[in-house]
Amino acid sequence: MGTLLVISVLAPLAGALIIGNSQQVARRMTLGIVLVTTVISGWLAFRFPVGAHQFAVFQIPWWSRSDQTIGIQLSLGLDGLSVWLYALTSLLMVTSVLVSWNAIDRQAPTFYRLLLVLYMGMLGVFTARDLLLFYVFFEATLIPLFFLIGIWGHEDRRHAAVKFFIFTLTGSVLTFLGLLAVVIWSASYSQAGRLTFSIPELTARMVELRSQGVFPLSVQLWIFWALFAGFAVKVPLVPFHTWLPLAHVEAPTAGSVLLAGILLKVGGYGFLRLVLPIVPDAVHAVAPWLLALCVVGIVYGALTAFAQRDVKRLIAYSSVSHLGFCM
């Protein structure tokens, strides 16, 4: 099962390297790769054992030292939080390829290559069990979408792409610092005394440190705000949402589908996967303020969507409202 999971995540990257330079061949190969990956994703999702903590785990050392003081692994797996997000990503990718079939008529092979790299990044985010690997896939969704908007978008595409890139990159850099702080703090105070990037192990360590009183609220709050910066922009929560309407309107249709259907959910997934289990005391402390932001986003997004005449802008603002409910 683990091998199938790795194949499904890496197949889009392999496809991006071999699809060739012919428009007809590129789009047919892309559709074939996406359909095969969708079949694998669906099969793994329906084979997921009810109540399982982990499934289809694949784990090999990525980089480690002989003294066992640090370990980074290529670690992928599914659990109850990620399994359906992983499967539905493939389903929406089929839609994205089909909707681009006749709409993309210039530099089509490059377009489909970027679409496949974006596909790999999205699947990787939902299956990564290593913190560094999660961040690599998290950033891998940024670069191809930047080019998809900037090259195949509409009239104001360059401004939209740059704004999207600056917002997302700034937030994700702060998130990376927060993730490093978690790794270093856990290594400094846990009995294991070694750096680990394993998400399940880090989560268990932080629970232990909280019970021992060596992970105080003040430290948790600093880490929370660092993680919040990247994930809140991805959601996006008001007032970090201003990049979304422009990116939605200017993106090609496939980009709009993936933005609304998958990429906005990555932010909420990050909160559930990392923020809530690692710094729960900080989440509890800021919950009233966070809920207030969500309510503002629900009302503001809905009223603004109600006033739109452009269907893409309507979807963008309704997404702000919907993600407020999710958060």
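Now for a quick tour of the structure. (Residues numbered from 1 in each chain as written. Predicted model: local features only at pLDDT ≥ 70, side-chain atom pairs only at ≥ 80, totals over all residues. Heavy atoms only, no water.)

Further remarks concern the pattern of salt bridges. All told, the structure shown has three salt bridges when counted by the stated rule. Across the salt bridge formed by Arg273 and Asp79, the nearest N and O atoms sit 2.7 Å from each other. Placement of Arg273 in helix α11 (residues 253-278) and of Asp79 in the loop between β2 (70-78) and α3 (83-99) is noted, with a sequence separation of 194 residues between them. Residues Arg210 and Asp281 are paired through a salt bridge, measuring 3.2 Å at the closest nitrogen-oxygen approach. (Salt bridge = Lys/Arg side-chain N within 4 Å of Asp/Glu carboxyl O. Helix = DSSP H or I, 4+ residues; strand = E, 2+ residues; numbered from the N terminus.)

Bringing the packing of aromatic side chains into the picture now. For the coordinates displayed, the defined rule picks out 20 aromatic pairs. Seen in terms of ring centroids, Phe134 and Phe138 are 5.9 Å apart; in terms of plane orientation they differ by 15 degrees. Their pairing is stacked. Placement of the pair is Phe134 and Phe138 together in helix α5 (residues 131-140), with a separation of four residues, close to one helical turn. Taken as a pair, Phe134 and Phe138 share a single burial class, namely buried. Ring geometry for Trp185 versus Phe215: centroids 6.3 Å apart, planes at 45 degrees, classification tilted. Remark: Phe215 occurs in the loop between α8 (199-212) and α9 (217-234) and Trp185 occurs in helix α7 (residues 157-189); sequence separation between them is 30 residues. (Phe/Tyr/Trp six-rings, centres within 6.5 Å; stacked < 30°, edge-to-face > 60°. Buried < 20%, exposed > 50% of the residue type's maximum accessible area, 1.4 Å probe, protein only.)

Moving on: unusual backbone geometry. Of the consecutive residues Val235 and Pro236, the connecting peptide bond is found in the cis state with omega at -10 degrees. The topology assignment puts Pro236 in the loop between α9 and α10 (243-250). Going from Val238 to Pro239, the amide bond is cis rather than trans, its omega being 10 degrees. Note on placement: Pro239 falls in the loop between α9 and α10. At Ala56, a residue that is not glycine, the phi angle is positive and equals roughly 55 degrees. Residue position: Ala56 is located in strand β1 (residues 55-64).

All quantities given are derived from atomic positions and should not be read as evidence of function.
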